[in-house]
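# Chain and residue survey
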Amino acid sequence: MIIAFLGTGLMGFPMAENLLNAGFKLHVYNRSYDKTAALQKLGATRFRCPQQAVKNADIIITMLADEKIQEQVLFNPSALTACKSNSLIIDMGSIAPDTAIEHAKQASKYQLCYLDAPVSGGTLGAENAELVIMVGGSNRDLHRAQAVFQALGNNTVHIGATGTGQIAKCANQAIVAITIGAVSEALLLAQQGGANISAVRKALLGGFAASKVLEQHGQRMLDRNFTAGATASVQLKDLTNITELASRNNLHLPLTASIFSQYQVLVNSGKKNLDHSALLLQS
């Protein structure tokens, strides 16, 4: 089996590395060609254009930043025509649910299969092959992808039809963003009140307030280390998808709306490439 992996950035690189470690034959493409050099040393074959990367692949994984880049790289006639018939596209980035449905329709026109399978777990989860994978699509295609998912994560959940994986991702990102906001405000409250915020965080990790966000992003906030694991701009993109999904379903989500506004300010102030835990700076 040949896997083409498109997008070897913060999340994509460790995911591709884990596929190599699992013994898969890997073709890799990244818009910045230099970012694939280390994967070549580990055994991957790298390509300068996506058409060549996907040409003989049985499975094509995209881990790209947004819909626009996906259309530039794969979801266009030139690239889709280059794919061999019946190959399976697995979109593991976060996009709007409606876009996932449209991508599945495009794939079908070229006799290709499609799963939307966004992930949760961040760069640490990607590095340790401990991602949660939320899958939308058919049982048949999920079965084809199981060995791949087992190499990338420790929990694969079939959410339902195409697009529902991305709906689950929206739910995930709503909780993550709101919790980042809550942790930011809680730590600032403790600091301004005169408490040792490191000790406060340690105490909170032992109770009902415990979370991955408090554990990982809380430490980043204490250290004021906002080197990106996931960027503020990507979080804002996800929040945009969430608010659009809510609007289409006549939902008012006041907590999400408040956090969305804060991330807009953060990104517009020139901090888009900081880690999304940098929301602390806007609190």
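Residues numbered from 1 in each chain as written. Predicted model: local features only at pLDDT ≥ 70, side-chain atom pairs only at ≥ 80, totals over all residues. Heavy atoms only, no water.

### Re helix α12 (residues 232–248)
With 17 residues, α12 ought to run about 24 Å at 1.5 Å a step, and its terminal C-alpha atoms sit 24 Å apart, in line with that. Every buried residue of α12 is accounted for by A232, Q235, L236, K237, D238, L239, N241, I242, L245 and A246. Those residues of α12 that are buried lie in contact with α4 (67–73), α6 (97–109), α9 (164–192) and α13 (254–271). (Helix = DSSP H or I, 4+ residues; strand = E, 2+ residues; numbered from the N terminus. Expected span 1.5 Å × (residues − 1). Buried < 20%, exposed > 50% of the residue type's maximum accessible area, 1.4 Å probe, protein only. Contact = heavy atoms within 4.5 Å.)

### Here's the deal with the packing of aromatic side chains
In total, this model carries one aromatic pair according to the counting rule given. Here the aromatic rings of F75 and Y114 are separated by 6.2 Å at their centres, their planes lie at 70 degrees, and the arrangement is edge-to-face. Linking F75 in the loop between α4 and α5 (77–82) with Y114 in strand β6 (residues 113–116), this pair joins segments that are 39 residues apart in sequence. Over the ring of Y33 we find R48; its NZ or CZ atom is 3.8 Å from the centre of that ring. (Phe/Tyr/Trp six-rings, centres within 6.5 Å; stacked < 30°, edge-to-face > 60°. Lys NZ or Arg CZ within 6 Å of the ring centre and 35° of its normal.)

### Notes on the packing of α9 against helix α11 (residues 212–223)
Between α9 and α11, the least distance of the axes is 10 Å, while the angle of their chain directions is 50 degrees. Looking at the two axes, α9 sits oblique to α11. Regarding α9 and α11, the two cross each other, and that crossing is right-handed. Facing α9, whose interface residues are V176, T179, I180, V183, S184 and L187, α11 presents V213, L214, H217, G218, M221 and L222. Of the residues that constitute the contact of α9 with α11, the class distribution is eight nonpolar, four polar and no charged. (Axes fitted to C-alpha atoms, helices over the stretch in contact; angles between N-to-C directions. Parallel < 35°, antiparallel > 145°, perpendicular 65-115°, else oblique. Left-handed = near helix turned anticlockwise from the far one by under 90°. Nonpolar A, V, L, I, M, F, W, Y, C, P; charged D, E, K, R; others polar.)

### Digging into the environment of G153
Structurally, G153 can be placed in strand β9 (residues 153–160). Among the residues examined, G153 registers a relative accessible area of 10% and is labelled buried. Placed 28 residues apart in sequence, G153 and G125 show a C-alpha to C-alpha distance of 7.6 Å.

### Some points on the pairing of strand β2 (residues 25–29)
A large share of β2 lies buried, amounting to four of its five residues. Strand direction decides the pairing type here: strand β1 (residues 2–6) and β2, joined by five bridges, are parallel. By the bridge assignment for β2, F5 is matched with V28. The β-α-β motif built from β1, the intervening helix α1 (residues 12–21) and the parallel element β2 has right-handed crossover chirality. Pairing of β2 with strand β3 (residues 45–47), which is carried by three bridges, proceeds in the parallel orientation. Across the sheet, residue Y29 finds its bridge partner in β3, namely F47. (Pairing = 2+ DSSP bridges. Right-handed = clockwise from strand over helix to strand, strands pointing away.)

### Thoughts on the pattern of salt bridges
On inspection of all chains with the given rule, the structure shows four salt bridges. Between R140 and D141 there is a salt bridge, with the nearest N and O atoms lying 3.5 Å from each other. For D141, a relative accessible area of 5% translates into the label buried. Measuring nitrogen to oxygen at the nearest pair gives 3.8 Å for the salt bridge that ties D238 to K237. (Salt bridge = Lys/Arg side-chain N within 4 Å of Asp/Glu carboxyl O.)

### What about the packing of α12 against α13?
Where α12 meets α13, the closest approach of the two axes is 9 Å, and the angle between their N-to-C directions is 145 degrees. For α12 against α13, the interelement crossing comes out left-handed. Contacts between α12 and α13 pair A232, S233, Q235, L236, L239, T240, I242 and T243 from the former with T256, I259, F260, Y263, Q264, L266, V267 and K271 from the latter. Class assignment for the residues of the contact of α12 with α13 results in nine nonpolar, six polar and one charged.

### Structural notes on α6
Residues that lie three or four places apart on an α-helix share one face, since the helix turns once every 3.6 residues. Its 13 residues place the ends of α6 19 Å apart at the C-alpha level, agreeing with the 18 Å of an ideal helix rising 1.5 Å per residue. On the buried face of α6, the contacting elements are α4, β5 (88–91), β6, α9 and α12. Backbone geometry just after α6 places Q111 at a positive phi near 55 degrees.

### Examining the nonpolar core
One finds L19, I90, M92 and F149 to be the most contacted residues of the largest nonpolar core, which totals 32 residues. For this core, the secondary structure elements donating two or more residues are β1, α1, β2, β4 (59–62), β5, β6, β8 (131–136) and α8 (139–152). It is α8 that contributes the most residues to this core, six residues altogether. Leaving out residues up to four positions away in the same chain, L19 has contacts with I3, F5, F24, L26, I61, V148, A151 and L152. (Core = buried A, V, L, I, M, F, W, Y, C linked by side-chain atoms within 4.5 Å.)

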